[in-house]
Amino acid sequence: MDQRKILILTIVLGLIGLFGALQVIELRAEEPRRAVVSMEMEMSGNYLVPHINGVEYYNKPPVYNWIMAAVFKITNSYEEWAVRLPGLLSIVVLSLLSFLFAKPQLGRQKAIWASIFLITGADILFYGSVNSGEIDLFYALLTFLQLILIYHYYERAQWWPLFLITYALAAIGFLTKGMPSLAFQGITLLAWFSYKGSFRKLLSIQHLTGILLMTLIIGGYFLLYNQHSDAWSFLIRQFKEASQRTASEASLMQVIRQIFSFPFQFMVLLLPWSLFLIPWFKKGRRKEIVGNSLLSFSLLFIMTNVLIYWFAGEFKARYYYMFFPFVCYFLAYSAEEALQSKGWRTVLQILGSLVALFAVSSVLLYTDSWHLTRLLTLVALIVTLALFTALIWKSPYIVLSLAALLFLARIGFNYGILSATQRKADKFYREEVAQLMQICNGKQVHLYGTAYEFTSDASIGPLRLDSASFRTAPLIAYQIPYYISKASEEIMLFDEELISGRYYLVPAELMQQEWEPLFSLRDHWQQRD
């Protein structure tokens, strides 16, 4: 089988693996929170100020919610697949862009490898693209585009598009996830222009115009926001959200532990491909990096920006997705040389065999009932696994064959582990909320309780700049309002006073003796009934 056929088969298996299980497991982690904010935007028509339970939500700006709300509108659906679709499309587009920008500098084969390494790395393949309703895959795409265009336009000395487009993207990034986009833009420009001896360009009219454009975009949004709510408090909360990820908010022991463990934890996220980092420790590698402008830019971006996270005291895999494409350029570059060694090929062949074993066992061990469809699926999986396992031992296209096996493992993971997790877990809400909504005849359900109040400050270490007080709906596992609002197609509004004729979700500790409960539900996040 030639390389083109293997590549096409790999892409097909990838699409099946990524898009074939969007409904298998219910929303989890941060997915339902993103979904609830987006649903309330679409249901209320208020796209300017984010809300949860009808009360203002301060933690994230609105751009990703606009994207998700647009998907809801276009598809006329609030189902899990619609929630997860923007994130999955983002990683596919990111993989494609990674290839397109790498091809001129690395060549077609290594560019293909880099894009494959990105999408089949352990964390994205088995976590990020499973919980794709979270914000981070879209934010990684936005940030990658912002940064790679700095490199792209610099190489062509196109200063107006460099500063205008990248600062516009930085503004959109800020309105997606807050302060990190400003840090990425400033640090990367300073590092790259200094390295290239072009520091004076940072004092140019083009650069100042780019900053002005970013200010107008961000400022324009907050001017509109301020007509409906307090924009300054929202900005303080964005500052706090960013500072919580830094060393200023962590203990000394957390920072020390993170410093030593970070490189190893990071490598795990991109397994098995991160093994190709090992050849970079050979002597003489510095010349290869200096001789390749894309690798020089990638290394400079990684080393100057990752320090913020390296010393943060907390490791969260999804915060590092924007670094993955640039790391994968190095992995693809060294893979070509490594695979000339029989030892490296043997390592990948053994890994491929283990991946095939995992794919089959994930179906066999996690399936508790069998019928014709399941049996046919298992047979098809085993036959395809046998084909690619043979290819990985016989074919010269070992990277593509291993990538195909990884996508097959994801299919087995979808069909076996995810299905079993949804069936057996006692901390999910989809079925329970469906029962609740039957009792309510699909009508609107309100949330009753005591408002959650907290204070956030804008501070840098011991220096406190300002603070603001916030009042939101009571904290509740966000799967609950998601599934209730999806079923009723109405917002689950927070009420502090009971109004006759409404259905209410009430914390058990606030129940009065004379009230007759219709249904009992467990909030596993807040550990209450």
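Overview of the structure. (Residues numbered from 1 in each chain as written. Predicted model: local features only at pLDDT ≥ 70, side-chain atom pairs only at ≥ 80, totals over all residues. Heavy atoms only, no water.)

This next bit is on the sheet that holds strand β7 (residues 503–505). With parallel pairing, three strands are arranged side by side in an open sheet as β6-β3-β7. Strands at the two margins of the open sheet, each flanked by one partner only, are β6 (494–495) and β7. In terms of strand pairing, strand β3 (residues 445–448) meets β7 through three bridges, oriented parallel. Bridged to V445 within β7 is Y503. (Pairing = 2+ DSSP bridges. Helix = DSSP H or I, 4+ residues; strand = E, 2+ residues; numbered from the N terminus.)

Next up on the list: the packing of aromatic side chains. Tallied over the entire structure, the rule returns 49 aromatic pairs. For the pair Y154 and W159, a centre-to-centre distance of 5.3 Å together with 75 degrees between the ring planes defines the contact as edge-to-face. Neither Y154 nor W159 differs from the other in exposure class; each is buried. (Phe/Tyr/Trp six-rings, centres within 6.5 Å; stacked < 30°, edge-to-face > 60°. Buried < 20%, exposed > 50% of the residue type's maximum accessible area, 1.4 Å probe, protein only.)

Within the structure shown, the criterion is met by 16 salt bridges. A salt bridge links K177 to D136, with the shortest nitrogen-to-oxygen separation between them at 2.6 Å. In this pair, K177 is assigned in helix α8 (residues 159–177) and D136 in helix α7 (residues 136–155), connecting sequence segments 41 residues apart. No difference in accessibility class separates K177 from D136, as the two residues are buried. Across the salt bridge formed by E453 and R471, the nearest N and O atoms sit 3.0 Å from each other. In this pair, E453 sits in strand β4 (residues 452–460) while R471 sits in strand β5 (residues 463–472), placing the two residues 18 residues apart along the sequence. We classify R471 as partly exposed; its relative accessible area is 40%. In the salt-bridge network here, residues are joined through shared partners; they are E134, D136, K177 and R318. (Salt bridge = Lys/Arg side-chain N within 4 Å of Asp/Glu carboxyl O.)

This brings us to the pairing of β3. Alternating positions in β3 separate into two faces, V445 and L447 on one and H446 and Y448 on the other, with burial throughout. With two bridges connecting them, β3 and β6 associate as parallel partners. What sits directly across from L447, in β6, is F494.

By size, the foremost hydrophobic cluster in this structure holds 161 residues, and its most contacted members are F117, F276, F323, Y329 and L505. Tallying contributions element by element places α7 first for this core, with 14 residues. Residue contacts for F117: discarding those within four places in its chain leaves L270, W273, F276, C328, L331, A332, A335 and V399. Grouped together as the second largest cluster of nonpolar side chains are six residues, I25, F413, I417 and L418 included. (Core = buried A, V, L, I, M, F, W, Y, C linked by side-chain atoms within 4.5 Å. Contact = heavy atoms within 4.5 Å.)

In this structure, T166 sits in helix α8. We classify T166 as buried; its relative accessible area is 0%. Within the structure, T166 has its side chain in polar contact with the backbone oxygen of L162 (distance 2.5 Å). Setting aside anything within four residues of it in sequence, one finds T166 in contact with Q146, L149, I150, P161 and Q185. (Polar contact = N/O pair within 3.5 Å; in protein donor to acceptor, adjacent residues only side chain to side chain.)

Okay, α8 next. The terminal C-alpha atoms of α8, which comprises 19 residues, lie 26 Å apart, in line with the 27 Å expected from a rise of 1.5 Å per residue. α8 sits mainly inside the fold: 14 of its 19 residues count as buried. Downstream of α8 by a residue or two, G178 has a phi angle that is positive, lying close to 90 degrees. (Expected span 1.5 Å × (residues − 1).)

Okay, the packing of α8 against helix α10 (residues 205–226) next. Two elements in contact, α8 and α10, have axes whose closest approach is 8 Å; the angle formed by their N-to-C orientations is 25 degrees. Taken together, the axes of α8 and α10 are roughly parallel relative to one another. Viewed along their axes, α8 and α10 form a crossing whose handedness is right-handed. Where α8 approaches α10, its residues W159, W160, F163, L164, Y167, A168, A170, A171, F174 and L175 are matched on the opposing element by I205, Q206, H207, T209, G210, I211, L213, M214, I217, I218, Y221 and F222. (Axes fitted to C-alpha atoms, helices over the stretch in contact; angles between N-to-C directions. Parallel < 35°, antiparallel > 145°, perpendicular 65-115°, else oblique. Left-handed = near helix turned anticlockwise from the far one by under 90°.)

Okay, unusual backbone geometry next. A cis amide bond, omega 0 degrees, links L271 with the succeeding residue P272. Locating P272 in the fold gives a position in the loop between α12 (252–269) and α13 (285–290). Even without being a glycine, E489 presents a positive backbone phi close to 60 degrees. Here E489 is to be found in the loop between α21 (479–488) and β6. A positive phi is found at Q527, a non-glycine position, where the angle reads about 55 degrees. Inspection of the secondary structure assignment puts Q527 in the segment after β7. The class of Q527 is partly exposed, set by a relative accessible area of 48%.

With that settled, consider the environment of R108. Mapped onto the secondary structure, R108 falls in helix α5 (residues 108–120). Overall, the relative accessible area of 48% leaves R108 in the partly exposed class. Placed 223 residues apart in sequence, R108 and L331 show a C-alpha to C-alpha distance of 15 Å. Discounting residues that sit within four places of it in the chain, R108 has contacts with F99 and K103.

What follows concerns the packing of helix α4 (residues 80–106) against helix α16 (residues 324–338). Between α4 and α16, the least distance of the axes is 11 Å, while the angle of their chain directions is 50 degrees. Taken together, α4 and α16 sit at an angle that is classed as oblique. Between α4 and α16 lies a crossing of right-handed hand. Contacts from L94, S98, F101, A102 and L106 in α4 reach P325, Y329 and Y333 in α16. When its residues are assigned to classes, the contact of α4 with α16 shows seven nonpolar, one polar and no charged. (Nonpolar A, V, L, I, M, F, W, Y, C, P; charged D, E, K, R; others polar.)

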